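A look at the structure
What follows is the residue order along each chain.
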Amino acid sequence: MKEQLENIYNSAKSDIEKAQTMSEIDEIRLKYLSRKGEFNSIKKGLKDLSDEDKRVVGAFANQITQDLESMLKEKHDLFYQKELNEKLQKDKIDITLSGKYIPQGKVHPLTITTNEIVSIFQNLGFSVVTPDLSPEVETEYYNFDMLNVPKDHPARDVQDTFYVKDMDGVVLRSQTSGAQIHVMENQKPPIKVISPGRVYRNENINARKNNFFHQIEGLYIDKDITFGDLKGVLNEFIRLYFGASRPTRFRSSFFPFTEPSAEVDVQCIMCHGEGCKTCSGTGWLEVLGCGMVDVNVLKGVGINPEVYSGFAFGMGVERLAMLKYAIDDIRLFFNDDKRFLEQF
Ligand code: DAH
């Protein structure tokens, strides 16, 4: 029996020496050392031996089993390391390989500008009007009548305003000022709001003018609001938007819905005052109109002008973007040229 064990031991040993992979090692363990393996079936015969032989052969059997176990373990560990290294080598990520180009969209420069202006006014305590109070398709009533614009005002002319076909008194709004009326009809003072949006005008298109563009309307109504408040807020806006060093001027003007009225011009940085197509040779670009809300407008919406006063303004988003980024032609915003849009 000892001989039998020796034979099996030798054949197991040579199998182990020949093995090349971890799975071969596992097979050898199964073949010789598992419960149904060759050693066990022989060890079952131990019970028929004399006590003396039992002791000697038993000890021998244990000895060679341990030997085989430790040989198997050694080889197993060796192959494990080897296979692991091979796998690591094979799966290594080559970080020198250039990546795939995934084109990414950008925020439109007018959106960037609008967001910036809105956030400046939010910091000054203004909140943004909900879209339902600021429709793009408007009635003449809100776009003109309630804003104290006379029936014969040239702005109402079809040459200036787009009228919706077959719908009496319906226009594409020519200014965001109508939002002022919607807000005052829906809210009691104090009112401190802005309203960004698109407006339409029947213009001859050039570097400065397009037949649609964007405005941000502002309205502040409370007790004791003065022209000083108006100037303070707008100067602060200009300073925050352009920085303190940009030349600007406050100029008196006229609008039917404000009295007194003013406009703000910003020096053209396309020509620095020398005169160009963008500023049509004047060196300045008008960026906003403003004024103290006309008594007639307040009365129209049922706000008592003896108690409340306020100011309003409307600014051109394209113009403000052009003057910040030195864009010399308004049409660049609208013709979807990626070379232009990618710069923002
Ligand atoms: N709506 C005017 C325009 O489009 C701009 C404007 C002027 C708005 C004076 C105002 C304002 O709110 O008070 O030219």
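It should be noted that the structure appears before, not after, this text.
Residues numbered from 1 in each chain as written. Predicted model: local features only at pLDDT ≥ 70, side-chain atom pairs only at ≥ 80, totals over all residues. Heavy atoms only, no water.

Here we look at the overall build of the protein chain
- When its secondary structure is counted, the protein chain shows eleven helices and nine strands.
- The C-alpha radius of gyration of the protein chain comes to 43 Å, more than 25% above the 20 Å expected for a compact globule of 344 residues.
- Taken along its principal axes, the extent of the C-alpha atoms in the protein chain is 130 × 45 × 45 Å.
- Here the protein chain, with 344 residues, has 40% of them falling under the buried criterion.
- Summed over its atoms, the accessible surface of the protein chain is roughly 19,500 Å², and 50% of this surface lies on carbon and sulfur atoms.
- Averaged over its 43 positive side-chain charges, the protein chain has a centre that lies 5 Å from the centre of its 51 negative ones. (Helix = DSSP H or I, 4+ residues; strand = E, 2+ residues; numbered from the N terminus. Rg over C-alpha atoms; globule rule 2.2 N^0.38 Å. Buried < 20%, exposed > 50% of the residue type's maximum accessible area, 1.4 Å probe, protein only. Areas by Shrake-Rupley, 256 points an atom, 1.4 Å probe, with all protein chains shown as cover. Lys, Arg positive; Asp, Glu negative; His and termini not counted. Charge placed at Lys NZ, Arg CZ, Asp CG, Glu CD.)

Some words on the packing of helix 1 (residues 2-18) against helix 2 (residues 22-33)
- Between helix 1 and helix 2, whose axes approach to 9 Å, the crossing angle comes to 170 degrees. In terms of axis orientation, helix 1 runs roughly antiparallel to helix 2. The segment helix 1 lies against helix 2, with Ile8, Ser11, Ala12, Asp15, Ile16 and Lys18 engaging Glu24, Ile28, Lys31 and Tyr32.
- Each residue belonging to the contact of helix 1 with helix 2 can be placed in one class, and the counts come to five nonpolar, one polar and four charged. (Axes fitted to C-alpha atoms, helices over the stretch in contact; angles between N-to-C directions. Parallel < 35°, antiparallel > 145°, perpendicular 65-115°, else oblique. Contact = heavy atoms within 4.5 Å. Nonpolar A, V, L, I, M, F, W, Y, C, P; charged D, E, K, R; others polar.)

Considering the packing of aromatic side chains
- The tally for this structure, following the rule as stated, stands at 18 aromatic pairs.
- With a centroid separation of 6.0 Å and 70 degrees between ring planes, the pair formed by Phe126 and Tyr220 is classed as edge-to-face. Residue Phe126 is located in the loop between helix 5 (109-123) and strand 1 (127-128), and its partner Tyr220 is located in strand 5 (residues 212-222); the two are separated by 94 residues in the primary sequence. In this structure, Phe126 and Tyr220 share a single accessibility class: buried.
- Where Tyr220 meets Phe311, the ring centres are 5.6 Å apart and the plane angle is 80 degrees; that geometry is what we call edge-to-face. Taken together, the residues Tyr220 in strand 5 and Phe311 in strand 9 (residues 309-316) connect sequence positions 91 residues apart. Just as Tyr220 is buried, Phe311 falls in that class too. (Phe/Tyr/Trp six-rings, centres within 6.5 Å; stacked < 30°, edge-to-face > 60°.)

Quick word on the site of the ligand
- Around the ligand, the structure places 15 residues, and the nearest of them are Gln175, Gln180, Arg201, Gln215 and Glu217.
- Here Glu217 contributes a side-chain N or O atom positioned 2.6 Å from an oxygen atom of the ligand.
- The backbone of Phe313 places a nitrogen or oxygen atom 3.2 Å from an oxygen atom of the ligand.
- Protein contacts shield 92% of the accessible area of the ligand, which totals 350 Å² for the unbound molecule.
- Going through the elements one at a time, strand 5, strand 8 (284-293) and strand 9 are the ones with two or more residues in the shell around the ligand.
- Looking at side-chain class alone, the shell around the ligand contains five nonpolar, eight polar and two charged residues. (Near = heavy atom within 4 Å. Polar contact = N/O pair within 3.5 Å; in protein donor to acceptor, adjacent residues only side chain to side chain.)

Quick word on the sheet that holds strand 7 (residues 258-267)
- Pairing in this open sheet of seven strands is mixed, and the strands run 1-4-5-9-8-7-6 from one edge to the other. Strands at the two margins of the open sheet, each flanked by one partner only, are strand 1 and strand 6 (248-255).
- Of the strand pairs in this sheet, strand 8 and strand 9 are connected by five bridges, and their pairing is antiparallel. Opposite Gly289, over in strand 9, you have Gly314 as the bridge partner. (Pairing = 2+ DSSP bridges.)

Side note on helix 8 (residues 227-242)
- Taking 1.5 Å as the rise per residue, helix 8 with 16 residues should run 22 Å; its terminal C-alpha atoms sit 22 Å apart, in good agreement.
- Among all positions of helix 8, only Leu230, Val233, Leu234, Phe237, Ile238, Tyr241 and Phe242 are buried. Seen end-on, helix 8 carries its buried residues on one side only, within an arc spanning 135 degrees.
- Contacts made by the buried residues of helix 8 are with helix 5, strand 6, strand 7, strand 8, strand 9 and helix 10 (317-325).
- For helix 8, the capping residue at the N-terminal end is Thr226, with a side-chain oxygen 3.2 Å from the backbone nitrogen of Gly228.
- Phi for Gly243, located one or two positions after helix 8, is positive at around 90 degrees. (Expected span 1.5 Å × (residues − 1). Arc of directions from axis to C-beta.)

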